[in-house]
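# Structural overview for review
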Number of protein chains: 2
Amino acid sequence: MIFWKNFFHNSSINNSSDKTFKKLLLLDKNCNRIEFQDIYVSSTNNVNLYELEQLCDSVGWVKRPLKKVKIALKNSSIIVSLVQKNDSHKRLVGFARATSDSGFNATIWDVVIHPDFQGIGLGKVVIHQLIKQLRQADISTITLFAEPDVISFYKKLGFIKDPDGVKGMFWYPR
Amino acid sequence: MIFWKNFFHNSSINNSSDKTFKKLLLLDKNCNRIEFQDIYVSSTNNVNLYELEQLCDSVGWVKRPLKKVKIALKNSSIIVSLVQKNDSHKRLVGFARATSDSGFNATIWDVVIHPDFQGIGLGKVVIHQLIKQLRQADISTITLFAEPDVISFYKKLGFIKDPDGVKGMFWYPR
């Protein structure tokens, strides 16, 4: 199993002409660098909608109107993208975003990692990156709604399920 | 027990010089009008921070820095206030707000009704008003985090707890 140690490999940032991307340093259990992935993290809101749609398709999500996706991204407080890029190509391989009041609370939505890149700790990277930025903005309550199969994943990252009996509740149009 | 039938009593709007307020029509079980409350609903973001602090104090909430409250209100998509007003005074008696990406999801925060005005359906009014406005904005997933003592209240309003095993999770600073 592979895991990440640090989010950024600062020494390689300058290799990229696009300063919005920071290269991830991925390490295996023996702390050997896994360079071949060429994966960068970015927090720009300027996400290509078609690339995002392709990423969401890859994990079988229901299609959403791009016009609404554009609005949702515009009104998200923080967006984190993971991009595999080299001289010949650039590919969105991970994504997550959060809405927030920028004062107290935030809610994380749309956490997705391309199946080809799952199992190497990239889910942790996007969540840690979101938490880091929300904490920099002094947000104290970071929330999300977790499907049953990812509850243990979020627990490992420090999220608490139903603290003090508080329940997540949903209202849907009828 | 008293309950509300309609959100607005349109015929009485013109009695108010401030068009941002709409008078509530409160009815008892026999559909008798309860006029004495003089309660109006408003969706302006221009909420007096000290009045809001006073309202939150009345239900024993932990004090929050007004500077951060101001930022949180500014970054909330929808704010609903209930105000008791007549010729001689104006008093904030209810409040709720929602963050949203304005595309798909919203989360409701800070639902509070002054103890003197609880039990007459005003909690339902603020939630229905939020839902109404979020639906007008075509938001399909309206969420909240409910303390154990208000879960049944939200269930009656159509909210579903842990649908399909989805769990609300919280991350707090350590």
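Here the structure is shown first, and the text comes after it.
What comes next is a walk through the structure.

Definitions and limits used
- Residues numbered from 1 in each chain as written.
- Chains lettered and ligands numbered in written order.
- Predicted model: local features only at pLDDT ≥ 70, side-chain atom pairs only at ≥ 80, totals over all residues.
- Heavy atoms only, no water.
- Axes fitted to C-alpha atoms, helices over the stretch in contact; angles between N-to-C directions.
- Helix = DSSP H or I, 4+ residues; strand = E, 2+ residues; numbered from the N terminus.
- Parallel < 35°, antiparallel > 145°, perpendicular 65-115°, else oblique.
- Contact = heavy atoms within 4.5 Å.
- Salt bridge = Lys/Arg side-chain N within 4 Å of Asp/Glu carboxyl O.
- Buried < 20%, exposed > 50% of the residue type's maximum accessible area, 1.4 Å probe, protein only.
- Least-squares fit on C-alpha atoms with pLDDT ≥ 70 in both.
- Polar contact = N/O pair within 3.5 Å; in protein donor to acceptor, adjacent residues only side chain to side chain.
- Pairing = 2+ DSSP bridges.
- Buried area = accessible area lost by both parts, 1.4 Å probe.
- Nonpolar A, V, L, I, M, F, W, Y, C, P; charged D, E, K, R; others polar.

## Observations concerning the packing of helix α1 (residues 49-58) of chain B against helix α2 (residues 66-74) of chain B
Two measures define how a pair of helices packs: the angle their axes make with one another and the distance between the axes. Residue and element names in this part refer to chain B. Viewed as axis vectors pointing N to C, α1 and α2 meet at an angle of 105°, and their least axial separation amounts to 11 Å. Looking at the two axes, α1 sits roughly perpendicular to α2. In this structure, α1 contributes L49, Y50, L52 and E53 to the contact, and α2 contributes L66, V69, K70 and L73.

## Focus on the pattern of salt bridges
Residue and element names in this part refer to chain B. Overall, the coordinates contain 20 salt bridges over all chains when judged by the stated rule. R64 serves as the salt-bridge partner of D110, at 3.1 Å between the closest nitrogen and oxygen. Placement of D110 in strand β7 (residues 105-113) and of R64 in the loop between α1 and α2 is noted, with a sequence separation of 46 residues between them. On the basis of relative accessible area, D110 is assigned to the buried category, the value being 14%.

## Here's the deal with the relation of the copies chain B and chain A
Mapping chain B onto chain A leaves a residual RMSD of 0.0 Å; the transformation is a rotation of 180° accompanied by 0.0 Å of translation along its axis. As the rotation angle and translation indicate, the two copies are arranged about a two-fold axis. Measuring from the rotation axis to each C-alpha of chain B, the shortest distance belongs to G168 of chain B, at 2.1 Å. Counting the interface residues of chain B, we find that 100% of their copies in chain A are interface residues as well, pointing to one common contact surface.

## Section: the side chain of Q84 of chain B
Residue and element names in this part refer to chain B. Summarising the element assignment, Q84 is placed in strand β5 (residues 78-85). Look at Q84 and you get buried, because its relative accessible area is 12%. Within the local environment of Q84, its side chain forms a polar contact with the side chain of H89, the two groups lying 3.3 Å apart.

## Thoughts on the pairing of strand β6 (residues 90-100) of chain B
Residue and element names in this part refer to chain B. Extensive coverage of β6 is indicated by the burial of nine of its 11 residues. Direction of pairing for β5 relative to β6: antiparallel, over a ladder of eight bridges. Across the sheet, the residue bridging to V80 is A96, located in β6. Hairpin connection between β5 and β6: a loop of four residues separates the two successive antiparallel strands. Where β6 meets β7, six bridges bridge the pair, whose relative direction is antiparallel. Each residue of the ladder has a partner; that of G94, found in β7, is I113. What sits between the antiparallel neighbours β6 and β7 is a turn of four residues, in which S102 has the positive phi angle 60°.

## Overview of the interface of chain B and chain A
Taken together, the contacts link 51 residues of chain B with 51 residues of chain A. Where chain B abuts chain A, roughly 4600 Å² becomes buried across the two surfaces, and 64% of that area is made up of carbon and sulfur atoms. The largest share of the area that chain B buries against chain A comes from F104, M169 and W171 of chain B, three residues that together contribute 19% of it. Counting across the interface, chain B meets chain A through six salt bridges. In this structure, K68 of chain B and D138 of chain A form a salt bridge, with 3.1 Å as the shortest nitrogen-oxygen distance. Applying the counting criterion to the chain B and chain A interface returns 23 residue pairs in polar contact (both at pLDDT 80 or more). For the side of chain B that touches chain A, the secondary-structure elements that each account for two or more residues are α2, β6, β7, α3 (122-136), β8 (141-146), α4 (151-156), β9 (160-161) and β10 (167-171) of chain B. The element contributing the most residues to the side of chain B that touches chain A is β8 of chain B, with six residues. When the residues that make up the side of chain B that touches chain A are grouped by side-chain class, the tally is 24 nonpolar, 14 polar and 13 charged. Across five bridges, the pairing between strand β10 (residues 167-171) of chain A and β8 of chain B is antiparallel. Residue W171 of chain A lies in a different strand from β8 of chain B, and its bridge partner there is I142 of chain B.

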